[in-house]
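Geometric and topological summary
Below, each chain spelled out in residue letters.
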Amino acid sequence: MGSLTVKTILLIILAAAIVILFFTLIFQKKRRSKSVRSKYIDALYALIEGRKDDALQLLTLAVKNGETDIDAYIQLGILLREKGLPEKALQIHRGLTVRRDLSYSEEKSIQLAMAEDLADMGKADRAVLALNKINKTKKDPEIMLSLHRLYHRCEDYDSAYQVLKNLSSIDSRIGKEKKADYLSSVAYACMLKKQDKRADKYLEKALKEYDRSIPANFLTARMAMDRHEYGRASALWKKTIEIDISMFEEILPDLEKSLFESGNFSGLEEMLEDLYGKNRSDPVIAGSLASLYMKKGMLEESINILEEERKSSDEDPVIYLRLASAYLGSGRTVEARKTLDEFADRSVSGMVRKCGTCGERYYYPFKYCTKCFSFKNPVQ
């Protein structure tokens, strides 16, 4: 009876040991899985923070420890490609294709990664063929955008544009303006290679897509200037300014030259007066018109514009210099001296600052506003 009790006790101890061992193994496996997974998670955080070298090390460890998430391998390959090792990247990405039960999203991510690997290996044509097979069966925006980039890398701009057109039919974000932007960039690439006829073709397409395209109008005007087609150039410069007034200061020298060379001497004055009437708050336009009046001896007209501009924007020191010059030219020396004194005060006191709360102006870097009693730092 006693021996049976001992046996029973031993069996109970043995069973308990097996149970403990079983749960210990399970716990260690879970802990190991959690540790491996954490490497992948840490790598993702490193990628988000821009620490690509750390991400590469963490992903390498995760993969070596048997990470099962496909994205870990894709990201590892991408980092290797960026390190100048596209062959290794392709090897890793290609290895994922033999996995079973891949979702469409996973298959797509693998194919896109492999296409970029091939392109970096100088085999973009092979990448195009691979993605085209997928694109024929399913019109996927990501696949199409990748195809567009690959065609562009192969300098097959017509095919790249066609893919972009096809993409615009299923993605409302790709509108006429964006297609015109792409064609303008292609035209510029052709211009750099001295392929002017080819550039013309793409600019024509761009303007046909969207005739208010800033880059297309700008580049077409630039090419007209180079060919001494000044009448056409001046019309295009005017159109560009009408589309986007912020381009005025950049375009003005070319506009002046094109009008002068085309013999349209009154064209600049007419245009500046029209622009000033529509944009009285723009100091660049006001200053340009005032300067033109001064050159023509129309000093009172110039003074009127500059005085009005000083009232609305007295922070621009150039206005004071131009106004003082106009006063001197008209013999109003007292006003000229007073204007120069005001200019000197602003030059000495430095940049004008405004309180971030109430807008009070200061010429010194105060930290306290005496108007609104705020300790908020004034902003420039």
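Notes on the structure in this doc start here. Fair warning: this is a prediction, and the values are worked out from it, not measured in the lab. (Residues numbered from 1 in each chain as written. Predicted model: local features only at pLDDT ≥ 70, side-chain atom pairs only at ≥ 80, totals over all residues. Heavy atoms only, no water.)

This part covers helix H12 (residues 230-243). In this model H12 runs 20 Å from its N-terminal to its C-terminal C-alpha over 14 residues, within 8% of the 20 Å that 1.5 Å per residue would give. Inspection of H12 places Tyr230, Ala233, Ser234, Leu236, Trp237, Thr240 and Ile241 among the buried residues, and these make up the whole buried set. Here the buried residues of H12 occupy an arc of 165° about the axis, which is enough to place them on one side. Buried residues along H12 sit against helix H11 (214-226), helix H13 (248-261) and helix H14 (267-278). (Helix = DSSP H or I, 4+ residues; strand = E, 2+ residues; numbered from the N terminus. Expected span 1.5 Å × (residues − 1). Buried < 20%, exposed > 50% of the residue type's maximum accessible area, 1.4 Å probe, protein only. Arc of directions from axis to C-beta. Contact = heavy atoms within 4.5 Å.)

With that settled, consider the nonpolar core. Ranked by size, the top nonpolar core spans 56 residues in total, and within it Ile110, Leu131, Leu150, Tyr182 and Tyr202 carry the most contacts. When neighbours within four sequence positions are excluded, Tyr182 is seen to be in contact with His148, His152, Tyr157, Ala160, Tyr161 and Leu164. Ranked by size, the runner-up nonpolar core spans 33 residues in total, among them Ala221, Leu236, Leu259 and Ala326. (Core = buried A, V, L, I, M, F, W, Y, C linked by side-chain atoms within 4.5 Å.)

Let us now look at the pattern of salt bridges. Taken as a whole and judged by the stated rule, the model has 21 salt bridges. Note that Glu116 is salt-bridged to Arg149, the shortest N-O span being 4.0 Å. Here Arg149 lies in helix H7 (residues 141-153) and Glu116 lies in helix H5 (residues 104-120), a separation of 33 residues in the sequence. For Arg149, a relative accessible area of 41% gives the class partly exposed. Residue Arg332 is joined to Glu300 by a salt bridge in which the shortest nitrogen-to-oxygen separation is 3.3 Å. Placement of Arg332 in the loop between helix H17 (317-329) and helix H18 (333-349) and of Glu300 in helix H16 (residues 299-312) is noted, with a sequence separation of 32 residues between them. Exposure remark for Arg332: the relative accessible area of 23% places this residue in the partly exposed category. On the basis of relative accessible area, Glu300 is assigned to the partly exposed category, the value being 39%. (Salt bridge = Lys/Arg side-chain N within 4 Å of Asp/Glu carboxyl O.)

The values reported here are purely geometric and, on their own, carry no functional implication.
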